[in-house]
Amino acid sequence: TAQVPVPRPTPAAPGPVATEPGDPSADAAIAEALATLNADPGSLIRVRDTLNSILMGPLNSQQRQVVKAKLAELADQWLFGSSVYAGDSLCQTYVVKPGDQLRIIGERHSVPYEVLMTINGITRPEALQAGQTLKVVAGPFHGKVSLSAFTLELYLQNTFVKTYPVGLGKPGFETPTGEWRVRPGDKHIKPPWTDPDTGRVYRGDDPDYPLGSRWIGLEGLSGNALGRTGFALHGTNDPNQIGRPGSRGCIRLHNGDAVAVYNMLIPGLSRVRIED
């Protein structure tokens, strides 16, 4: 789902500018990485890894925003594009063997088969043919949710990929912080859902079905999440809930984003860290 551009604020009157503390050498390192890429497009993977290392350092919010935006732009090429770049440890080619199934190939690489379908333009996984060359991804993907920013950051292993806006739990039903993982057997397309307040059972084809396009169930591993279930990443029938506290603790996404995240997070392996 396309994000709405944020309007620029009205310029303030001239005066002292407060700067947020960050790594004083970060601006130079970011500029050097971008200059390297401009001079040599073949350095994309090296620049990606450099920017990702910079992102892990003590940046201020503006520096962090610049680096994330560039990494997301690069991910459209090295990850979601059809090309495999030299020196990339996260993507490689695979020649389909007799008897191979796309689901099994995905499991071997710790990613759902749906992301391989997307990257390779495959519409029918059963039409896979021996000798066909695929682009495969070395997973798993992980997520990091910021309660204060209302965002879900997606990572492939430890490499930043993209940020999605989310809706979170309302007062009294706050989304629990801590470490979660995608619960085995709990990824669904429009599953039946019972409203705990009214007892009404919603079906996926109901016109007012509230969970949107996908459900990605979670189970808590540590922190306030420990031992907890019943929480999920899912879509919504009300886009106005994104960026706001309105759920009973679940993490809401725009429906197109819910599909994209569903296609990348794999049960049992993908972690989702929820932080203040």
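Along every chain, residues carry numbers that run from 1 in the direction the sequence is written. In keeping with the model being predicted, local features are shown solely for residues with a pLDDT of at least 70 and side-chain atom pairs are shown and tallied solely at 80 or more, while totals for entire chains, interfaces and linings include all residues. Values reported for side chains reflect all heavy atoms of the structure, with hydrogen atoms and water molecules removed beforehand.

## Digging into the nonpolar core
Argument step 1. Core analysis: the biggest nonpolar cluster contains 61 residues, and Trp-78, Leu-79, Phe-141 and Leu-233 have the highest contact counts within it.
Argument step 2. Secondary structure elements follow DSSP: runs of H or I of four or more residues count as helices, runs of E of two or more count as strands, with numbering from the N terminus. Here the element with the most residues in this core is helix 2 (residues 44-55); it accounts for 6 residues.
Argument step 3. In what follows, residue pairs with any heavy atoms lying within 4.5 Å of each other are defined as contacts. In this structure Leu-79 touches Cys-91, Ile-119, Lys-135, Val-137, Phe-141, Leu-156 and Val-161, once residues within four positions along its chain are discounted.
Argument step 4. Residues Tyr-209, Leu-211, Ala-232 and Cys-250 belong to the second largest nonpolar core, which totals 6 residues. Throughout, nonpolar core names a set of buried Ala, Val, Leu, Ile, Met, Phe, Trp, Tyr and Cys residues whose side chains join them through atoms within 4.5 Å. Burial status follows relative accessibility: with a 1.4 Å probe on protein chains alone, a residue under 20% of its type maximum counts as buried, one over 50% as exposed, and anything between as partly exposed.

## So, the pairing of strand 9 (residues 215-222)
Argument step 1. With 6 of 8 residues buried, strand 9 lies mostly within the body of the structure.
Argument step 2. Summarising the sheet, strand 9 and strand 10 (residues 232-234) pair through 3 bridges and their orientation is antiparallel. By the bridge assignment, Trp-215 is partnered in strand 10 with His-234. Strand pairing is defined by DSSP finding a minimum of two bridges between the two strands.

## Some points on the environment of Thr-177
Argument step 1. Among the structural elements, Thr-177 can be located in the loop between strand 5 (159-169) and strand 6 (178-188).
Argument step 2. Separated by 45 residues in sequence, Thr-177 and Ser-222 have C-alpha atoms that sit 8.8 Å apart.
Argument step 3. Aside from chain neighbours lying at most four places away, what touches Thr-177 is Leu-147, Ser-222, Gly-223, Asn-224, Ala-225, Ile-274, Glu-275 and Asp-276.
Argument step 4. Think of a polar contact as two N or O atoms within 3.5 Å of one another; within protein, one of them needs to be a possible hydrogen donor and the other a possible acceptor, and neighboring residues in sequence only count if both atoms come from side chains. Within the local environment of Thr-177, its side chain forms a polar contact with the side chain of Asn-224, the two groups lying 2.9 Å apart.

## As for unusual backbone geometry
Argument step 1. Here the bond from Gly-139 into Pro-140 is cis, since omega is 5 degrees, no more than 30 degrees from zero.
Argument step 2. Its location among the elements puts Pro-140 in the loop between strand 2 (133-137) and strand 3 (141-146).
Argument step 3. Look at Lys-190: it is not a glycine, yet its phi comes out positive at around 45 degrees.
Argument step 4. Considering the arrangement of structural elements, one finds Lys-190 in the loop between strand 6 and strand 7 (193-194).
Argument step 5. Under the relative-accessibility criterion, Lys-190 is labelled partly exposed at 41%.

## Comments concerning the packing of aromatic side chains
Argument step 1. Note on aromatic contacts: the rings of Phe and Tyr and the six-membered ring of Trp form a pair at centre separations within 6.5 Å, being stacked when their planes are under 30 degrees apart, edge-to-face when over 60 apart, and tilted otherwise. Tallying each qualifying case throughout the model produces 3 aromatic pairs.
Argument step 2. A centroid spacing of 5.6 Å and a plane angle of 80 degrees characterise the contact between Tyr-155 and Phe-160, whose relative ring orientation is edge-to-face.
Argument step 3. Residue Tyr-155 is classed as buried on the basis of its relative accessible area, which comes to 10%.
Argument step 4. The criterion is that NZ of a Lys, or CZ of an Arg, lies within 6 Å of the ring centre and within 35 degrees of the ring normal, and then a charge sits over that ring. Seen from the ring of Tyr-262, Arg-214 lies directly overhead, with NZ or CZ sitting 5.2 Å from the centre.

## A look at helix 1 (residues 26-39)
Argument step 1. In a regular helix each residue adds 1.5 Å, so 14 residues correspond to 20 Å; helix 1 covers 20 Å between its end C-alpha atoms and thus fits that length.
Argument step 2. Lining the buried residues of helix 1 we find helix 2 and helix 3 (61-78). Here the expected length of a helix is defined as 1.5 Å per residue gap, with one fewer gap than residues.

## A short note on the pairing of strand 2
Argument step 1. Burial of strand 2 is extensive: 4 of the 5 residues sit out of reach of the surface.
Argument step 2. Both strand 1 (residues 91-95) and strand 2 contribute to a ladder of 5 bridges, which runs antiparallel. Counterpart to Gln-92 in the pairing with strand 2 is Val-136.

## Overview of the confidence of the model for the protein
Argument step 1. pLDDT is a residue-level measure of predictor confidence that goes from 0 to 100. For the protein, the mean per-residue pLDDT works out to 92, and 92% of the residues sit at or above 70.
Argument step 2. Low pLDDT (under 50) marks residues 1-18, which in the prediction has 5 contacts with non-local residues, meaning those over four places away or in another chain.

## Comments concerning helix 3
Argument step 1. For helix 3, which comprises 18 residues, the first-to-last C-alpha distance of 25 Å matches the rise-based estimate of 26 Å (1.5 Å per residue) to within 8%.
Argument step 2. The opening residue of helix 3, the one whose side-chain oxygen lies 3.1 Å from the backbone nitrogen of Gln-62, is Asn-60.

## Points about the side chain of Arg-48
Argument step 1. Considering the arrangement of structural elements, one finds Arg-48 in helix 2.
Argument step 2. In contact with Arg-48, not counting residues within four places along its chain, are Leu-71, Leu-74, Trp-78, Asp-88, Leu-90 and Thr-159.

## A word on the packing of helix 1 against helix 3
Argument step 1. Angles shown run from 0 to 180 degrees and are taken between the N-to-C directions of axes, each axis being a line fitted to C-alpha atoms and, for helices, limited to the stretch in contact. The geometry of helix 1 relative to helix 3 is characterised by a closest axis approach of 11 Å and an angle of 20 degrees between their N-to-C directions. One way to sum up the angle between helix 1 and helix 3 is to call them roughly parallel. As for the relative orientation of helix 1 and helix 3, their crossing is left-handed in sense. Contacts between helix 1 and helix 3 pair Ala-26, Asp-27, Ile-30, Leu-34 and Leu-37 from the former with Gln-63, Val-66, Val-67, Lys-70 and Leu-74 from the latter.
Argument step 2. Here the contact of helix 1 with helix 3 is composed, by residue class, of 7 nonpolar, 1 polar and 2 charged. Every angle not falling under 35 degrees, over 145, or within 65 to 115 is termed oblique; those three ranges are roughly parallel, roughly antiparallel and roughly perpendicular. A crossing counts as left-handed when the near helix is turned anticlockwise from the far one by less than a right angle, and as right-handed when that turn is clockwise. Polar here means any residue other than Ala, Val, Leu, Ile, Met, Phe, Trp, Tyr, Cys and Pro, which are nonpolar, and Asp, Glu, Lys and Arg, which are charged; Gly is therefore polar.

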